[in-house]
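What follows is each chain in one-letter form.
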Amino acid sequence: MNAEPATETVPASPGLDLLRVPVIGRFLQWRRSRRVMQAVLLLVALAMIVHGFWGPQLASRNLATLLTWVHYRGVLVLVLLVAGNLFCMACPFMLPRDLARRFFKPVLKWPRRLRNKGFAVVWFIGVLFAYELFDLWGSPWWTAWLIVGYFSAALLVDALFKNASFCKYVCPIGQFNFVASTLSPLEVKVRDHDTCASCRTLDCIKGTRAEEDNTLVLQRGCELALFQPAKTGNMDCTFCLDCVYACPHDNIAIATRLPGSELWEDPRRSGIGRFSTRTDLAVLALLFTFGALLNAFGMVSPVYAVQAWLAERMGTTAEAPVLGTLFLLALVVEPLLLIGGAAYLTRRVTGSSEKLLSVTTRFAYALIPLGFGVWLSHYSFHLLTGLWTFVPVVQQVLLDLGIPLFGSPMWHLTGVPQELVLPLEFGFLSLGALGSLLVAYRIAARDHPERPVAAFVPWAVLSFMLWLAALWLLNQPMEMRGTFLGS
Amino acid sequence: MVLLVVGCRPAPDTASDIAVTWQVAPDPPRIGQTTVTVALADSLRRPIREARVTLKGTMTHPGMAPVLAETHEVAPGRYQATLDLTMGGDWVLLLQATLPDGRSVQRQKALRGIRAP
């Protein structure tokens, strides 16, 4: 490959600015807006925890399992698709953490060796594994503990370490949101770079402090080290809007952009560096994609045949080793073979002498749209087909509390018929595949301008294969079992 | 939150002395039409007649469409309904019965590993 550093992207003027839209813009510019959203989600989370521990232990009748595995996941991916990382913006895990920081200031810096996505990748896999091993989807009790665990982890990490260490280096949901939001149509970005060029206070990153007491922080700057003039894209951005509130020039927008364009741009990004040199980010991107396929595979009939075969081969009836093997195959062996193969072919056809790892790192981001298509397809299915199932659960909760406000539970309520949802799923998968083809081509053209098509073809074939795999998954009968090998 | 804790305890079964036996056909159950027969008997093993018994099938995965059916009494104390188990996986059958004396019975039965015929 011609391993020249990519030319810096010329910042484009922002498109539509959400902060200038009537009502919404005014609300978001209000410094308490995030607190309001967080408080609402905190109340919901607390209700889920309580119901998860003390409510009926049937998943379909419990707020913890229903709202987490049906509604939260589905709404999350749809909001990421049509807007941006609004769930990080409204994250309730930050409320106890911010409250605690009023009394206890963290003194440690996040360890330098862990200032990458390695730790987060481990936790991401851990949550996916726990989901399958403990059948979290079917257990209100375990789901409640998961929520409590998240709150506790956020509190512990950010009580010990400065800035937003939990968000940037740990939170699995956050990493999912960061990767997916590379495809979102909104981005927090500078309005006018000339204004930033003349700024001497750099409030967007440093924050503002009281004149009379330098230790008193009036407004935080970005806790994820994203310096606005050098920020590109949504990676690591929690949409917290601290930069918006801190900027004395009102020069930061929540602006529209071409979704996915940041995946083929390779400037040096503030707080991140270049995507092309961040192997850990590339691993996260691949985990996002192959994890989507694995998570969907765990819900269809063939997975039980695979597990039975593995169990027989391994001579065990214990679920953990069999599941661990499946994870190893799906998240390590399979990507190594497929991605490695595509990278090898790219190097071969372009005559490049670049290391395979370097080629892989550059092109890994091309699979994110396809991965997002799979997550969208899967989670939107559950959301839409079970859309109204929370209604009778809420009715029952109110009845149990002696508040017959909404009458007897309407247990017959479900959602959109499956036959209407399936075309939408197909659409999401196909859009994802098309997105991956586009990103792969743009990366190929950027890095191999003399032979872009040749460099692109291996990744196009790979994207097509994964799209076919996802389509096959889509057409498999669902079979959600909480038992292993029929026990 | 305290009210939610207090209020969300499952309603006590007011007829815990009632024995419920289940019969599911086909056995093992498969996706599709499933005949469920429940027998209600009191502590002296006498069949309980003229109870109002409803059955609901719900998957262990949240958000899936439940199936509901009213039973009819096919023999003294034996109530039967046909449920359409629409998907493979684990199901739970929920029985809600109102006895002639006004007491209520709630029971559930797990159906694991429902598969295609």
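Residues numbered from 1 in each chain as written. Chains lettered and ligands numbered in written order. Predicted model: local features only at pLDDT ≥ 70, side-chain atom pairs only at ≥ 80, totals over all residues.

## Side note on the overall build of chain A
Phase 1 of the analysis: The secondary structure content of chain A amounts to 20 helices and 5 strands.
Phase 2 of the analysis: The C-alpha atoms of chain A give 23 Å as radius of gyration, which agrees with the globular expectation for 487 residues (23 Å, within 12%).
Phase 3 of the analysis: For chain A, the spread of C-alpha atoms along the principal axes amounts to about 65 × 60 × 40 Å.
Phase 4 of the analysis: Each of the 487 residues in chain A was classed as buried or not, and the buried ones make up 44%.
Phase 5 of the analysis: Partitioning the intrachain contacts of chain A with sequence separation of at least 6 by distance along the chain shows that 78% fall at a separation of at least 24. (Helix = DSSP H or I, 4+ residues; strand = E, 2+ residues; numbered from the N terminus. Rg over C-alpha atoms; globule rule 2.2 N^0.38 Å. Buried ≥ 20, exposed ≤ 12 C-beta atoms within 10 Å, placed from the backbone. Contact = placed C-beta atoms within 7 Å.)

## Topic: the overall build of chain B
Phase 1 of the analysis: Looking only at helices and strands, one finds 1 helix and 8 strands in chain B.
Phase 2 of the analysis: Helices and strands appear in chain B in the N-to-C order α-β-β-β-β-β-β-β-β.
Phase 3 of the analysis: For chain B, with 117 residues in total, the buried portion stands at 34%.
Phase 4 of the analysis: Here the contacts in chain B between residues at least 6 apart in sequence split such that 58% fall between residues at least 24 apart.

## Observations concerning helix H9 (residues 172–180) of chain A
Residue and element names in this part refer to chain A.
Phase 1 of the analysis: Of all 9 residues making up H9, 7 are buried, and the element is well covered by its neighbours.
Phase 2 of the analysis: Within H9 the residues assigned to the buried category are Gly 174, Gln 175, Phe 176, Asn 177, Phe 178, Val 179 and Ala 180.
Phase 3 of the analysis: Packed against the buried residues of H9 are helix H3 (63–82), helix H4 (86–89), helix H6 (118–133), helix H8 (165–169), helix H13 (279–297) and helix H17 (368–385).

## Things to note about the sheet that holds strand E6 (residues 78–85) of chain B
Residues and elements named next belong to chain B.
Phase 1 of the analysis: Taken in spatial order, the 4 strands make up an open sheet running E1-E2-E6-E5, and their pairing is antiparallel. Each edge of the open sheet is held by one strand with a lone partner, namely strand E1 (19–25) and strand E5 (72–75). Direction aside, neighbouring strands of the sheet carry axes that sit 35° apart on average.
Phase 2 of the analysis: Here 7 bridges tie E1 to strand E2 (residues 32–41), and the two strands are oriented antiparallel to one another. Bridging from a neighbouring strand, Val 20 pairs with Leu 40 of E2. (Pairing = 2+ DSSP bridges. Axes fitted to C-alpha atoms, helices over the stretch in contact; angles between N-to-C directions.)

## A word on the packing of H17(A) against helix H20 (residues 452–474) of chain A
Residue and element names in this part refer to chain A.
Phase 1 of the analysis: Between H17 and H20, the shortest axis-to-axis distance is 10 Å and the interhelical angle comes to 10°. Between H17 and H20, the angle is such that the two are roughly parallel. Contact with H17, carried on its side by Leu 370, Val 374 and Ser 377, involves Ser 463, Leu 466, Trp 467, Ala 470 and Leu 474 of H20 and no other residues of that element.
Phase 2 of the analysis: Looking at the contact of H17 with H20, its residues break down into 6 nonpolar, 2 polar and no charged. (Parallel < 35°, antiparallel > 145°, perpendicular 65-115°, else oblique. Nonpolar A, V, L, I, M, F, W, Y, C, P; charged D, E, K, R; others polar.)

## Description of H3(A)
Three or four residues apart is the spacing at which side chains of an α-helix point the same way, because the helix has 3.6 residues per turn.
Phase 1 of the analysis: The largest bend in H3(A) is about 35°, located at Tyr72(A).
Phase 2 of the analysis: In terms of residue burial, H3(A) counts as a mostly covered element, since 15 of its 20 residues are buried. (Bend = angle between axes of the 7 residues up to and from the residue.)

## Regarding the interface of chain A and chain B
Accessible area lost on assembly of the parts is the figure often given for the size of an interface.
Phase 1 of the analysis: With 36 residues of chain A at the contact, the number on the chain B side is 28 residues.
Phase 2 of the analysis: Elements that contribute at least two residues to the side of chain A that touches chain B include exactly helix H2 (33–54), H3, H17, helix H18 (390–400) and strand E5 (479–480) of chain A.
Phase 3 of the analysis: A total of 5 residues in the side of chain A that touches chain B trace back to one element, the largest contributor, which is H2(A).
Phase 4 of the analysis: The residue makeup of the side of chain A that touches chain B, split by class, is 17 nonpolar, 16 polar and 3 charged.
Phase 5 of the analysis: Examined bridge by bridge, E5(A) and strand E7 (residues 88–98) of chain B share 2 bridges and lie parallel to one another. Bridging from a neighbouring strand, Met480(A) pairs with Gly89(B) of E7(B).

## A closer look at the confidence of the model for chain B
Residue and element names in this part refer to chain B.
Phase 1 of the analysis: In the predicted model, chain B carries a mean pLDDT of 87, and 88% of its residues have values of at least 70.
Phase 2 of the analysis: Ranking the elements of chain B by mean pLDDT puts helix H1 (residues 2–7) last, at 46, and E5 first, at 96.
Phase 3 of the analysis: Across residues 2–12, confidence stays below pLDDT 50; counting only partners more than four residues off in sequence or on other chains, it has 16 contacts.
Phase 4 of the analysis: If you check the scores for this complex, the pTM reads 0.92 and the ipTM reads 0.85. (pLDDT = per-residue confidence, 0-100.)

## Section: the nonpolar core
Residue and element names in this part refer to chain A.
Phase 1 of the analysis: Counting 148 residues, the largest nonpolar core has Ala 285, Leu 286, Leu 287, Tyr 365, Ala 366 and Ile 368 as its most contacted members.
Phase 2 of the analysis: In terms of residue count, H13 provides more of this core than any other element does, 13 residues in total.
Phase 3 of the analysis: Setting aside chain neighbours within four positions, we find Leu 286 in contact with Pro 335, Ile 339, Ala 364 and Leu 367. (Core = buried A, V, L, I, M, F, W, Y, C linked by C-beta atoms within 7 Å.)

## As for the environment of Tyr79(B)
Residues and elements named next belong to chain B.
Phase 1 of the analysis: Looking at where Tyr 79 falls in the secondary structure, it is placed in strand E6.
Phase 2 of the analysis: Residue classification places Tyr 79 among the buried positions, given that 25 C-beta atoms sit within 10 Å.
Phase 3 of the analysis: With 40 residues separating them along the chain, Tyr 79 and Ala 39 place their C-alpha atoms 6.3 Å apart.
Phase 4 of the analysis: Setting aside its immediate chain neighbours within four residues, Tyr 79 contacts Val 38, Val 53, Thr 71, His 72 and Glu 73.

## Section: the packing of H13(A) against helix H16 (residues 356–364) of chain A
All names here are of chain A.
Phase 1 of the analysis: For the pair H13 and H16, the least separation of the axes is 9 Å and the interaxial angle reads 55°. Between H13 and H16, the angle falls in the class oblique. Taken as a pair, H13 and H16 cross one another with a handedness that is left-handed. Mapping the contact onto sequence places Thr 279, Ala 282, Ala 285 and Leu 286 in H13 and Leu 357, Thr 360, Thr 361 and Ala 364 in H16. (Left-handed = near helix turned anticlockwise from the far one by under 90°.)

## With respect to the environment of Ser380(A)
Residues and elements named next belong to chain A.
Phase 1 of the analysis: When you line up the elements, Ser 380 lands in helix H17.
Phase 2 of the analysis: Along the sequence, Ser 380 and Leu 78 sit 302 residues apart, while their C-alpha atoms lie 7.4 Å from each other.
Phase 3 of the analysis: Ignoring any residue separated from it by four or fewer positions in sequence, one finds Ser 380 in contact with Gly 74, Val 77, Leu 78, Leu 424 and Phe 428.

## Topic: the pairing of E6(B)
Residues and elements named next belong to chain B.
Phase 1 of the analysis: Across 8 bridges, E2 lies against E6 in antiparallel orientation. What sits directly across from Gln 33, in E6, is Asp 84.
Phase 2 of the analysis: Here 3 bridges tie E5 to E6, and the two strands are oriented antiparallel to one another. Residue pairing across strands places Ala 75 opposite Arg 78, the latter belonging to E6.

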